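# Chains, contacts and geometry: an overview
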Amino acid sequence: MDADHCYLEGNADAVEFCPHEPHANLLAASTYTLQEGDLPSRSGSVYLFDVEHSRLNLLHKVDTTGVFDIRWSRGGGGSLALAQADADGCLRVYKVDDSEDKGYCLREVAGEKISSSMCLYLDWDQSSTSIVVGLSDGSASVVSFTDSNLETVQEWKGHDFEVWTASFDLNNPSLVYTGSDDCKFSCWDIRDNPGDNRVFQNSKAHTMGVCCVSPSPSEPYSVFTGSYDETLRVWDTRSVSRPVNEVSVSLGGGVWRIKHHPSVRGVVLVACMHNGFAVVKVGGGKGEVMESYSKHESLAYGADWYKGKDQKRSLVATCSFYDKLLCLWKPETAFEI
């Protein structure tokens, strides 16, 4: 069921609901627009919305370079922060200010050029003191964040082409997963030199580039991957050096983003590029599409679940690239929470 929509000024590529009370009504969205020509440039913006009453109310907009990914901090000891990975090879962190005269706004507190390549993807660790970044030259970086300081502590080249995704294991902070355009799904031990400490690398399962790696928050040994080969895969990582592909679900479009439902085990929201968005249920060794959403007319890139405690019915935000469309909608599927 559609709730609200709006059009952003640039090509929309990421949406993220804030996971922290009392700020669960905050929704961030980002854009990336390539201006071609003799001197090509990449521009972008980060938007901050209030979604109270399932409506999109724009609070603040920050103009920046082209943004590939944004992600809210997970919590831990730090205060609320939003990180940005961009086309200039920079990692930026914003804090959310709330004042009586200006209301909510984003304030940059840290920015660091970590690579001459583009920053494509980011993920916070559980304590929100480290960020892993996937880079366009096949490398990954781990960057520490303390107060207002970003510092690269590890960088290694583990892939032949773009690292589209890089994620911390949710239970073991020493493990980082990466996925690349070279079709490889890998895991690294970052306690020493990650390039010399590859835990595993699977180069056979994905027949095209790996776009997304998303560990399950409710199953400690379950990791979901998405690929341009249009397949959502679920891996059992109990044998850490040789994970087993337990479930494969064909979704009819490149699996760009996978977001786990905040309270329903085994349910994921998937951005399927040329085939819209899907809500998928995985369990018992199989997976099935419960619902599809096809109101977007361009590449389905950004997707996320509302994470507030007052959630009577699931609320979803999705965005698509060339039509610059941001949508709020409520799945028709009734979930048992």
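Note that residues are indexed from 1 along each chain, following the sequence as it is written. The predicted nature of this model means local features are confined to residues of pLDDT at least 70 and side-chain atom pairs, given and counted, to a pLDDT of 80 or more, with totals for whole chains, interfaces and linings taken over all residues. In computing side-chain values, all of the structure's heavy atoms are included and hydrogens and water are not.

### Focus on the overall build of the chain
Spelled out, the test is: Secondary structure elements are taken from DSSP: a helix is a run of H or I of four residues or more, a strand is a run of E of two residues or more, and numbering for both begins at the N terminus. We compute the radius of gyration from the C-alpha atoms alone; for a globule the expected value is 2.2 Å times N to the 0.38, where N is the number of residues. Between buried and exposed lies partly exposed: a residue is buried under 20% and exposed over 50% of the maximum accessible area for its type, with that area taken using a 1.4 Å probe on protein chains only. The criterion used for residue contact is that any of the two residues' heavy atoms lie within 4.5 Å.
Within the chain one finds zero helices and 29 strands. Scaling as 2.2 N^0.38, a compact globule of 337 residues should have a C-alpha radius of gyration of about 20 Å, and the chain matches this with 18 Å. Dimensions of the chain, computed from the C-alpha atoms along their principal axes, are close to 55 × 45 × 45 Å. When burial is assessed residue by residue, the chain has 61% of its 337 residues classed as buried. When contacts within the chain are restricted to residue pairs at least 6 apart in sequence, those whose partners lie at least 24 apart make up 47%.

### Overview of the sheet that holds strand β17 (residues 185–189)
To keep things clear, this is the line we draw: Should DSSP find at least two bridges between two strands, the strands are regarded as paired. Only the stretch in contact is used when a helix axis is fitted, and all axes are lines through C-alpha atoms; the angle between N-to-C directions ranges over 0 to 180 degrees.
Pairing is antiparallel in the open sheet, where four strands are placed in the order β15-β16-β17-β18. For this open sheet the edge positions go to β15 (163–168) and β18 (198–202), each flanked by a neighbour on one side alone. Averaged over neighbouring strand pairs, the angle between their axes works out to 15 degrees when direction is ignored. In this structure, β15 lies alongside strand β16 (residues 175–180), joined through five bridges in antiparallel fashion. Within β16, the residue paired with S167 across the bridge is Y177.

### Brief notes about the side chain of D229
To keep things clear, this is the line we draw: Polar contact is defined as a pair of N or O atoms within 3.5 Å, subject to the rule that within protein one atom must be able to donate a hydrogen and the other to accept it, and that residues adjacent in sequence are counted only when both atoms are side-chain atoms.
Considering the arrangement of structural elements, one finds D229 in the loop between β20 (222–227) and β21 (231–236). Among the polar contacts made by the side chain of D229, one reaches the main-chain amide nitrogen of T207 at a distance of 3.1 Å. Within the local environment of D229, its side chain forms a polar contact with the backbone nitrogen of T231, the two atoms lying 3.1 Å apart.

### Section: the environment of S294
The topology assignment puts S294 in the loop between β26 (286–293) and β27 (300–305). Of the residues examined, S294 reaches a relative accessible area of 62% and is grouped as exposed. Sequence separation between S294 and A278 is 16 residues, and the spatial gap between their C-alpha atoms is 8.7 Å.

### Some remarks on the nonpolar core
For clarity, the cut-off: Think of a nonpolar core as a cluster: buried Ala, Val, Leu, Ile, Met, Phe, Trp, Tyr and Cys residues, connected wherever their side-chain atoms sit within 4.5 Å.
Core analysis: the biggest nonpolar cluster contains 19 residues, and L8, F17, L27, F49, L56, L326 and L328 have the highest contact counts within it. Taken together, the elements giving at least two residues each to this core come down to β1 (2–7), β2 (12–17), β3 (26–31), β5 (41–50), β28 (316–320) and β29 (325–329). Take this core: its biggest share by element is three residues, from β2. In terms of nonpolar packing, the next biggest core, distinct from the first, is built from 17 residues, A81, L91, V93 and L122 among them.

### Digging into the UniProt feature "repeat: WD" (unreviewed entry) in the chain
In plain terms, the rule: UniProt positions are given in the numbering used here, feature names are shortened, and annotations may be inferred rather than shown by experiment.
The UniProt record marks residues 203–239 with the feature "repeat: WD" (unreviewed entry), using the residue numbering of this structure. Secondary structure content for residues 203–239 is 0% helix and 49% strand, and the end C-alpha separation is 17 Å.

### Points about unusual backbone geometry
P22 follows E21 through a cis peptide bond whose omega is 5 degrees. The phi dihedral of M273 is positive, around 50 degrees, even though this residue is not glycine. Looking at the element boundaries, M273 is found in the loop between β24 (267–271) and β25 (277–283). A relative accessible area of 8% means that M273 is categorised as buried. Positive phi values are uncommon outside glycine, yet K324 reaches one of about 60 degrees. Relative to the helices and strands, K324 is located in the loop between β28 and β29.

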